[in-house]
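Results of the structural survey
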Amino acid sequence: MADLSLLQEDLQEDADGSLDFVSQDEMLTPLGRLDKYAASENVFNRQMVARSLLDTLREVCDDERDCIAVLERISRLADDSEPTVRAELMEQVPHIALFCQENRPSIPYAFSKFLLPIVVRYLADQNNQVRKTSQAALLALLEQELIERFDVETKVCPVLIELTAPDSNDDVKTEAVAIMCKMAPMVGKDITERLILPRFCEMCCDCRMFHVRKVCAANFGDICSVVGQQATEEMLLPRFFQLCSDNVWGVRKACAECFMAVSCATCQEIRRTKLSALFINLISDPSRWVRQAAFQSLGPFISTFANPSSSGQCFKEESKSSEEMSVENKNRTRDQEAPEDIQVRPEDTPSDLSVSNSSVILENMLEDHAAEASGKPLGEISVPLDSSLLCTLSSESHQEAASNENDKKPGNYKSMLRPEVDTSSQDSALLDQELYNSFHFWRTPLPEIDLDIELEQNSGGKPSPEGPEEASEGPVPSSPNITMATRKELEEMIENLEPHIDDPDVKAQVEVLSAALRASSLDVHEETISVEKRSDLQDELGINELPNCKINQEDSVPLISDAVENMDSTLHYIHNDSDLSNNSSFSPDEERRTKVQDVVPQALLDQYLSMTDPSRAQTVDTEIAKHCAYSLPGVALTLGRQNWHCLRETYETLASDMQWKVRRTLAFSIHELAVILGDQLTAADLVPIFNGFLKDLDEVRIGVLKHLHDFLKLLHIDKRREYLYQLQEFLVTDNSRNWRFRAELAEQLILLLELYSPRDVYDYLRPIALNLCADKVSSVRWISYKLVSEMVKKLHAATPPTFGVDLINELVENFGRCPKWSGRQAFVFVCQTVIEDDCLPMDQFAVHLMPHLLTLANDRVPNVRVLLAKTLRQTLLEKDYFLASASCHQEAVEQTIMALQMDRDSDVKYFASIHPASTKISEDAMSTASSTY
């Protein structure tokens, strides 16, 4: 007992001592307490001082001298020998700086004089934690614009430049370079160009530390976006080329990751001629990690070739006139860089080309009718001019046209033929009238004919019967994207790598280079094959039987109609319903030709299409197909719908990929791709894939479901109605606990109401909505109440409103008189939503729903009566209809509320008595009611 009494005495003394200690602190001024603990030998006390600096400033903010005194104590505390104290102080600096900014009139220049020097000094602190906190503080201050521009130039940038000097500490130098790169977007182009850019260029060439070069490469895109195109092309691109060929694979990998940002800061010419070849080197890098990063950036890099003037979306093809589309196409073609070898020169034009007035009219009508029928600009329509106008040319002029065909585009025939035209308005009018019926007969199938590029390029180059050898010796066109020097370099690289072909990485690199080499030029053998096929087609059309004929007004119509009929049947046979890619008789080289386009360098597109190759998953990345799927909409937008044939096969391969993550990625973006492709291509190519996604795993179906409205609104009304039968399938999931799937279905059905007629809504969407209203999960039911109320609004607004009345009667029967209390409560919730959203006029509500609603005042379950009291008091009585008119409906409501106010349940009494505007307790009432279901 004696020991116990001594212990009690000791405890009492300690308590008295602590009380004295507290009382002493309370007697001290804020500055006194600050000085007391700042001088303590206990580290935790000094940490506490750092944490309480902001509170101390707020206490003394009325006195300018006290504020300055606190800031001076901060400067002394910054010299603390304990790193944890300095780090704690640095964490408080952004908050203190914001306080100083808000109270700037009383403490001017406080931040610049007292706080900023501490932040800058800590950037070179020996302790890593202190440096990290100071870097974070500096970036936070710059982001909040708390540092004056003058201070950035005179106090921050000079220190960073000094820290990146050659003799600086390695870790400090690396961190300083990172800070310079991150602050560049915040300080703007002027400061970055004058102060940061020169040192950044030096750091890109740091031969001693690859960590510095890696940081520069990782942030290269940010610097380019800040300084703009001119500085990027003049100063940064040479460094970028060096970094892309760095000896350390980590540096090259960082370059591949930022390639898109660098490309965005350059012009189209440099992007096409220099960056494309540089990217091909990265994509064929010996390091697997570099190739992996390059393939991930391939799609985004291709998207930088998009032409803004040609990427404007117009979903329905017929919504633009042919004249508008022709103007857009001419602008797009003008923006793109045409190689010199396809421009028509005066000396290349045949000197003895004799064309009658009738042939010119025929040519003009060919192009005009074809443009009108297909909705495409003239430059895009593939009409083999020689097939229809060959009989207007002499054998000599035809031979010269064949020798010069490779130097001309199909769209340039007008400019080539018009100088020799002999105008005759009478003959042209007569011929126009005679040819009208014939063209009207055969112009309809034109939109279905997608002539092969082989026929486009060689349409005027058919060998004449007199000189087939001479015609076959025409020049072979080369790819405009890759020069002869580049092809030579590719061949040399392949020869150097062949001795090491046993290495899998080297083998993959050889395959990539070989593909690039094949894409750079068209084989002469292919040209020979195309000439032979052209001759066969010419023989079938019977053209070589008329080498020197001239069109006159008497026999022009029969000749043209016969030739066109033969050509039409022949082309249908060749193209197999205008789908060259599905024709199994084509060789691989011919199939590759169908994927040629001129928007992006062909080598880049070939590499992108190869991302679905199974060997890529083994040699590059197991998820390479997912990256391909992720960037496919951007690539499709860049190429345009006219080049969709290049991507169709790749998209179908991805849609049937074994990995559900790949299919899920496509499912989430299929609505965006539909906008890019337009209604015709969507119906032909995307709808079948969309249907497959509907039957896929839930992880894939959710992607389709989240954008169901976005996709269906793009379809024709007849095609859209076909999906009404499949909406019911969304109620069935692989996992019944996946309630978010049903909640998303309810959200989409609300949006789908506008796409379907009242009859379709009643027949197909109504059963699903009523099913969701009885869901086990409250979140699903909440959204379903909104769905049903919107459905009531749409059906009641229809003429006649019989569907709306039938739906209301079904709600009363299935929910208002449900034997389960949860169903009756759901009926009250639906009525509450109908009132709040004004889905029914109040007079109609009073007739159809309110009588059944008021009968629930006698419900045996208190939860139903509680919700009824809330609905009547807080929702129904707030409507003007019940406030302004003294009707029988208002009396019935008041009598029901009075009955509820005398209810035996206290909660029902409370909600029936309290007006929502009189007290905030109503907010608690809302939460109480929500917890009752």
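Residues numbered from 1 in each chain as written. Predicted model: local features only at pLDDT ≥ 70, side-chain atom pairs only at ≥ 80, totals over all residues. Heavy atoms only, no water.

The name an unreviewed UniProt entry assigns to the chain is Serine/threonine-protein phosphatase 4 regulatory subunit 1, from the organism Macaca mulatta. In its Function (unreviewed entry) section, the UniProt record describing the chain reads: "Regulatory subunit of serine/threonine-protein phosphatase 4. May play a role in regulation of cell division in renal glomeruli. The PPP4C-PPP4R1 PP4 complex may play a role in dephosphorylation and regulation of HDAC3. Plays a role in the inhibition of TNF-induced NF-kappa-B activation by regulating the dephosphorylation of TRAF2." UniProt, in its Subunit (unreviewed entry) section for the chain, records the words "Serine/threonine-protein phosphatase 4 (PP4) occurs in different assemblies of the catalytic and one or more regulatory subunits. Component of the PP4 complex PPP4C-PPP4R1. Interacts with HDAC3." (UniProt positions renumbered as here; feature names shortened; annotations may be inferred.)

**Some details on the overall build of the chain**
On a plain count of helices and strands, the chain comes out with 52 helices and 0 strands. Going through the 933 residues of the chain one by one, you find that 49% of them count as buried. Taking contacts inside the chain between residues at least 6 apart in sequence as the whole, the part at least 24 apart equals 74%. As displayed, the chain offers around 44800 Å² of accessible surface, 51% of which is attributable to carbon and sulfur atoms. (Helix = DSSP H or I, 4+ residues; strand = E, 2+ residues; numbered from the N terminus. Buried < 20%, exposed > 50% of the residue type's maximum accessible area, 1.4 Å probe, protein only. Contact = heavy atoms within 4.5 Å. Areas by Shrake-Rupley, 256 points an atom, 1.4 Å probe, with all protein chains shown as cover.)

**Here's the deal with the nonpolar core**
Residues Phe220, Tyr608, Leu712 and Phe845 are the most contacted members of the largest nonpolar core, which totals 167 residues. Each residue touching Leu712, except ones within four places of it in the same chain, is listed here: Phe690, Arg720, Tyr723, Leu752, Leu755 and Tyr756. Counting residues in each nonpolar core, the second largest holds 56 residues, with Ala50, Met90, Leu123 and Ile196 among its members. (Core = buried A, V, L, I, M, F, W, Y, C linked by side-chain atoms within 4.5 Å.)

**What to know about the packing of aromatic side chains**
Using the criterion set out here, one finds 17 aromatic pairs in the structure. Ring plane angle 10 degrees and centroid distance 4.1 Å describe the contact between Phe690 and Phe711, whose orientation is recorded as stacked. One end of the pair, Phe690, is in helix α37 (residues 679–694); the other, Phe711, is in helix α39 (residues 708–712), and 21 residues separate them in sequence. Each member of the pair, Phe690 as well as Phe711, is classed as buried. Within the aromatic cluster, the residues linked to one another by ring pairs are Phe200, Phe220, Phe240, Phe259, Phe279, Phe301 and Phe305. (Phe/Tyr/Trp six-rings, centres within 6.5 Å; stacked < 30°, edge-to-face > 60°.)

**What about the pattern of salt bridges?**
Counted according to the given criterion, the structure contains 34 salt bridges. In this structure, Arg701 engages Asp698 in a salt bridge whose closest nitrogen and oxygen atoms are separated by 3.0 Å. With Arg701 and Asp698 both in helix α38 (residues 698–706), this residue pair falls 3 residues apart, about one helical turn. A relative accessible area of 5% means that Arg701 is categorised as buried. Classification of Asp698 by relative accessible area gives buried; the value is 6%. Close ionic contact of Lys706 with Glu744 constitutes a salt bridge, the shortest N to O distance being 3.5 Å. Separated by 38 residues along the polypeptide, Lys706 in helix α38 and Glu744 in helix α41 (residues 739–752) bring together distant segments of the chain. When salt bridges that share partners are traced, they join Arg149, Glu153, Asp190 and Arg194 into one network. (Salt bridge = Lys/Arg side-chain N within 4 Å of Asp/Glu carboxyl O.)

**Overview of the confidence of the model for the chain**
For the chain, mean pLDDT is 74; residues scoring 70 or higher make up 65% of the total. Every residue in residues 316–482 is under pLDDT 50, and counting partners more than four places away or in other chains gives 253 contacts. Between residues 522–586, whose pLDDT stays under 50, and residues either more than four places distant or in other chains, the model counts 107 contacts. (pLDDT = per-residue confidence, 0-100.)

**A short note on the UniProt feature "repeat: HEAT" (unreviewed entry) in the chain**
UniProt's feature table lists "repeat: HEAT" (unreviewed entry) at residues 115–153 and 156–195, given in the numbering used throughout. As annotated, residues 115–153 has a helix share of 74% and a strand share of 0%, and its two end C-alpha atoms lie 16 Å apart. End C-alpha to end C-alpha, residues 156–195 measures 11 Å, and it is 82% helix and 0% strand.

**Concerning helix α14 (residues 229–244)**
Given 3.6 residues per helical turn, the α-helix brings residues three or four places apart onto the same face. Taking 1.5 Å as the rise per residue, α14 with 16 residues should run 22 Å; its terminal C-alpha atoms sit only 19 Å apart, a clear shortfall. Tucked inside the fold, the buried residues of α14 contact α11 (189–204), α12 (210–218), α13 (220–227), α15 (249–257), α16 (259–264) and α17 (268–283). (Expected span 1.5 Å × (residues − 1).)

**Here we look at unusual backbone geometry**
At the junction of Thr799 and Pro800, the peptide bond is cis and its omega measures out at -5 degrees in the coordinates. In this fold, Pro800 is placed in the loop between α43 (778–797) and α44 (802–816). The phi dihedral of Glu145 falls on the positive side, at around 55 degrees, and the residue is not glycine. Its place among the elements puts Glu145 in the loop between α8 (128–143) and α9 (149–163). A relative accessible area of 68% places Glu145 in the exposed class. With a phi angle near 55 degrees, Asp838 is a residue other than glycine that sits in the positive phi range.

**A look at the state of the cysteines**
On inspection of all chains with the given rule, the structure shows 0 disulfides. Not engaged in a disulfide, the cysteine Cys100 finds its nearest cysteine sulfur in Cys67; these two sulfurs lie 7.9 Å apart. (Disulfide = S-S within 2.5 Å.)

**Things to note about α8**
With 16 residues, α8 extends 23 Å from end C-alpha to end C-alpha; this agrees with the ideal 22 Å at 1.5 Å per step. Along α8, the residues classified as buried are Val130, Arg131, Thr133, Ser134, Gln135, Ala137, Leu138, Leu139, Leu141 and Leu142. Residues of α8 that are buried sit in contact with α6 (83–102), α7 (110–122), α9 and α10 (170–187). Looking at where α8 begins, the residue whose side-chain oxygen comes 2.9 Å from the main-chain nitrogen of Gln129 is Asn127. (Polar contact = N/O pair within 3.5 Å; in protein donor to acceptor, adjacent residues only side chain to side chain.)

**Observations regarding the packing of helix α36 (residues 660–677) against α37**
It is at 10 Å that the axes of α36 and α37 come closest, and there the two elements cross at 165 degrees. The pairing of α36 with α37 is recorded here as roughly antiparallel in orientation. Every pair of crossing elements has a handedness; the one defined by α36 and α37 is left-handed. Residues Arg663, Leu666, Ala667, Ile670, Leu673, Ala674 and Leu677 of α36 lie in contact with α37, whose contacting residues are Asp679, Leu681, Thr682, Leu686, Phe690 and Phe693. (Axes fitted to C-alpha atoms, helices over the stretch in contact; angles between N-to-C directions. Parallel < 35°, antiparallel > 145°, perpendicular 65-115°, else oblique. Left-handed = near helix turned anticlockwise from the far one by under 90°.)

**What to know about the packing of helix α34 (residues 624–639) against α36**
As a packed pair, α34 and α36 sit with axes 9 Å apart at the nearest point and diverge in direction by 5 degrees. With respect to each other, α34 and α36 are oriented roughly parallel. Where α34 approaches α36, its residues Ala625, Lys626, Ala629, Tyr630, Leu632, Pro633, Ala636 and Leu637 are matched on the opposing element by Lys661, Val662, Thr665, Leu666, Ser669, Leu673 and Ile676.

**Regarding the side chain of His709**
Within the secondary structure layout, His709 lies in helix α39. With relative accessibility at 8%, the residue His709 sits in the buried group. Once residues lying within four places of it in the same chain are set aside, the contact partners of His709 are Gln748, Leu751, Leu752, Glu754 and Leu755.

**Considerations on the side chain of Asp125**
Mapped onto the secondary structure, Asp125 falls in the loop between α7 and α8. Relative accessible area serves as the criterion here: at 11%, Asp125 is assigned to the buried category. One polar contact links Asp125 to Arg86, side chain to side chain, over a distance of 3.0 Å. Not counting chain neighbours up to four residues away, the residues in contact with Asp125 comprise Arg86, Val130 and Arg131.

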